[in-house]
Amino acid sequence: MAINIIETSEDLKKLIEILQNDNVKVIALDTEFCRESTFKPVLGLIQLCFNKEIYLIDSIKLEEANDTYFKDFIDYLVHTEAMVVLHACTEDNCIIADYATRFGLDRRLPKNMYDTQLAACFLGIEPSIGLAAMLKQFIGIELEKSQTRTNWLARPLTDAQIEYAALDVSYLEQVMVLFNRMFQEKPTAHKFFLLEMKELSEKIYEVEDTNSLHINLSGCGQFSVRKLRMLNAICNLRYEICKKENMALSWFLKNKVIVKLVDTSIMDPSTYISKGVHYSIAKKYGQMIAKTARKALNDESIPYVPTYEAVKNVKTVVAEMEQLEKYLIESAKKLCIPKEIICSKRLILDFFYHCLFIPNKLSILEEGWRGEFLSGLRMFKDKFAVKQ
């Protein structure tokens, strides 16, 4: 396949015209980015493959040239009727949604999406199969892995980077066609996969709830209300500083360091370095961190938001977890889908977390097609309510 490098506004304008005028039915898409040190991922490249042509959109070059057509490209991408095929689309979707939000578009994601990793999961192949493993198993192609950790922001791109990026999208349409044939023997799984993709395409990436930035942290499931207030406040402080300074959260304070400080000596900045805080952070922000914790300690306006770990400390819930797992496994058999689609520790924990702490909101299991077909969840909620 021919590889076309898009690095000027005129190049991008022509590409948009081709997309609009060539009756494109399927677009394979991938992105390359870096996010090790920044608050959000920095886009380096967007790869497209359609009508047997590959296009590598160089976002770095376009930004340097003050391009004015990137908004038009994202607008086309989220509104096209073409099927957009991706593999493991979560991070790609975050990037697309972020640009769509910045540009004020009325959609955040492509209308029609097909995630080959998710399709493989619904087919019972493997829950999280990687692209290289998938292509080797189904297409007989071995991907070169030497560029996995390459710097996608450096210019000029090397020949190896260009080849690697092109291969990431070269065979996705072929995989989709193959998987659709396999789905013909599993029509029920196919139906649920299509519902999953439809719901995903309508997902709105909302502003993160700043009262819940700490709920996935480990080691604080038994924290008191006062410690939870401090944990909440410090996670908020980290979020705001990192957003303002365009710094990765872990570069400011790692999760385990925050938990250790709140549990022991958050009020004493002199202990920060020994607890794992980087010298530069301790010097610049030490007093601010301590002051924030001190203020939060008795601030009753900070909502009580336990972490996911807290669920395991409630005996009435722990006793029901095994029963819910059995119900979900049996339901997966009846629905003719792999159990991983609806039954995992994360999903079960999320369900009971919502029952306990935010009953007015739906858990993942209760949303969309899962909630429609898992009517037995009501039994667990009712049983739990009686125990409480």
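Everything discussed here concerns the structure shown above.
Remember, it's a predicted structure, so these values are computed and weren't measured experimentally.

Draft legend 1. Up close: the pattern of salt bridges. Taken as a whole and assessed by the stated rule, the structure comprises 13 salt bridges. Note that Arg 378 and Asp 382 form a salt bridge whose closest N and O atoms lie 3.2 Å from each other. One end of the pair, Arg 378, and the other, Asp 382, are both in helix α17 (residues 377-387), four residues apart, so they sit about a helical turn from each other. When its relative accessible area of 49% is taken as the criterion, Arg 378 is described as partly exposed. Owing to a relative accessible area of 40%, Asp 382 belongs among the partly exposed residues under this scheme.

Draft legend 2. Representation of helix α1 (residues 9-21) in the model. The end-to-end C-alpha separation of α1 is 18 Å, in line with the 18 Å expected for 13 residues at 1.5 Å each. Those residues of α1 hidden inside the fold are in contact with β1 (2-6), β2 (26-34), β3 (42-50), β4 (53-57), α2 (59-64) and α3 (70-79). Where α1 terminates, the next one or two residues include Asn 23, which has phi positive at roughly 55 degrees.

Draft legend 3. Fine view of helix α15 (residues 345-357). In this model α15 runs 18 Å from its N-terminal to its C-terminal C-alpha over 13 residues, within 8% of the 18 Å that 1.5 Å per residue would give. Of all 13 residues in α15, 10 are buried; the element is thus mostly enclosed. Residues of α15 that are buried include every one of Leu 347, Ile 348, Leu 349, Asp 350, Phe 351, Phe 352, Tyr 353, His 354, Cys 355 and Leu 356, and no others.

Draft legend 4. Structural detail: the pairing of strand β5 (residues 83-86). The pairing of β2 with β5 spans three bridges and is parallel. In the strand pairing of β5, Ala 28 is matched with Val 85. When β5 meets strand β6 (residues 113-115), the two strands line up parallel, connected through three bridges. Residue pairing for β6: Val 85 is matched across the bridge by Tyr 114. The parallel pair β5 and β6 is bridged by helix α4 (residues 90-102), and the resulting crossover is right-handed.

Draft legend 5. Looking closely at the state of the cysteines. The full count for this structure, using the stated rule, is zero disulfides. Distance from the sulfur of Cys 94, which forms no disulfide, to the nearest cysteine sulfur (Cys 89) is 9.1 Å. For Cys 94, a relative accessible area of 35% gives the class partly exposed. Cysteine Cys 355 remains unbridged, with the sulfur of Cys 343 as its closest cysteine sulfur at 15 Å. Given the relative accessible area of 11%, Cys 355 is considered buried.

Draft legend 6. Structural view of the sheet that holds β2. Reading across from one edge, β1-β4-β3-β2-β5-β6 is the order of the six strands in this open sheet, with mixed pairing throughout. Strands at the two margins of the open sheet, each flanked by one partner only, are β1 and β6. Adjacent strand axes in the sheet meet at a mean angle of 25 degrees when their direction is disregarded. When β3 meets β4, the two strands line up antiparallel, connected through five bridges. Residue pairing across strands places Leu 48 opposite Tyr 55, the latter belonging to β4. α3 contacts β2, β3, β4 and β5 of the sheet and is inclined by roughly 55 degrees relative to β3.

Draft legend 7. Molecular detail of the nonpolar core. Membership of the largest hydrophobic core comes to 100 residues, with the highest contact counts inside it found for Leu 48, Ile 57, Phe 70 and Phe 73. Ranked by residues supplied to this core, first place goes to α15 with eight residues. Ile 57 has contacts with Ile 6, Leu 12, Leu 15, Gly 44, Leu 45, Ile 46, Leu 48, Leu 62, Phe 70 and Phe 73, leaving out every residue within four places of it along the chain. Membership of the second largest hydrophobic core comes to 32 residues, among which are Leu 217, Phe 223, Met 230 and Ile 234.

Draft legend 8. Fine view of the packing of aromatic side chains. Inspection of the entire model under this criterion finds 20 aromatic pairs. Look at Phe 50 and Tyr 55: their rings are 5.0 Å apart centre to centre, the planes differ by 15 degrees, and that puts the pair in the stacked class. By relative accessible area, which is 2% here, Phe 50 ends up buried. You can call Tyr 55 buried: its relative accessible area is 8%.

Draft legend 9. View of the environment of Cys 220. Relative to the helices and strands, Cys 220 is located in the loop between α9 (187-201) and α10 (225-245). Residue class for Cys 220 comes out buried when judged on its relative accessible area of 2%. Considering only alpha carbons, one finds Cys 220 and Thr 307, 87 residues apart in sequence, at a separation of 7.1 Å. When near neighbours in sequence (up to four residues on either side) are disregarded, Cys 220 contacts Leu 231, Val 259, Thr 307 and Glu 309.

Draft legend 10. Local environment of the environment of Tyr 327. Residue position: Tyr 327 is located in helix α14 (residues 315-335). Considered as a pair, Tyr 327 and Ala 310 are 17 residues apart in the sequence and their alpha carbons are 23 Å apart. Excluding residues within four positions of it along the chain, Tyr 327 makes contact with Leu 374, Ser 375, Gly 376, Leu 377 and Phe 380.

Draft legend 11. View of the packing of helix α6 (residues 131-138) against helix α8 (residues 172-183). As a packed pair, α6 and α8 sit with axes 11 Å apart at the nearest point and diverge in direction by 65 degrees. As for how α6 packs across α8, the hand of that crossing is left-handed. Listed contacts from α8 to Leu 131, Met 134, Leu 135 and Phe 138 of α6 are Leu 172, Val 175, Leu 178, Phe 179 and Met 182. Grouping the constituent residues of the contact of α6 with α8 by class yields nine nonpolar, no polar and no charged.

Draft legend 12. Up close: the side chain of Ser 265. Within the secondary structure, Ser 265 sits in the loop between α12 (255-263) and α13 (279-297). Among the polar contacts made by the side chain of Ser 265, one reaches the side chain of Lys 275 at a distance of 2.9 Å. Not counting chain neighbours up to four residues away, the residues in contact with Ser 265 comprise Lys 260, Thr 271, Tyr 272 and Lys 275.

About the criteria used
Residues numbered from 1 in each chain as written. Predicted model: local features only at pLDDT ≥ 70, side-chain atom pairs only at ≥ 80, totals over all residues. Heavy atoms only, no water. Salt bridge = Lys/Arg side-chain N within 4 Å of Asp/Glu carboxyl O. Helix = DSSP H or I, 4+ residues; strand = E, 2+ residues; numbered from the N terminus. Buried < 20%, exposed > 50% of the residue type's maximum accessible area, 1.4 Å probe, protein only. Expected span 1.5 Å × (residues − 1). Contact = heavy atoms within 4.5 Å. Pairing = 2+ DSSP bridges. Right-handed = clockwise from strand over helix to strand, strands pointing away. Disulfide = S-S within 2.5 Å. Axes fitted to C-alpha atoms, helices over the stretch in contact; angles between N-to-C directions. Core = buried A, V, L, I, M, F, W, Y, C linked by side-chain atoms within 4.5 Å. Phe/Tyr/Trp six-rings, centres within 6.5 Å; stacked < 30°, edge-to-face > 60°. Left-handed = near helix turned anticlockwise from the far one by under 90°. Nonpolar A, V, L, I, M, F, W, Y, C, P; charged D, E, K, R; others polar. Polar contact = N/O pair within 3.5 Å; in protein donor to acceptor, adjacent residues only side chain to side chain.

Honestly, it's all geometry; don't read function into it.
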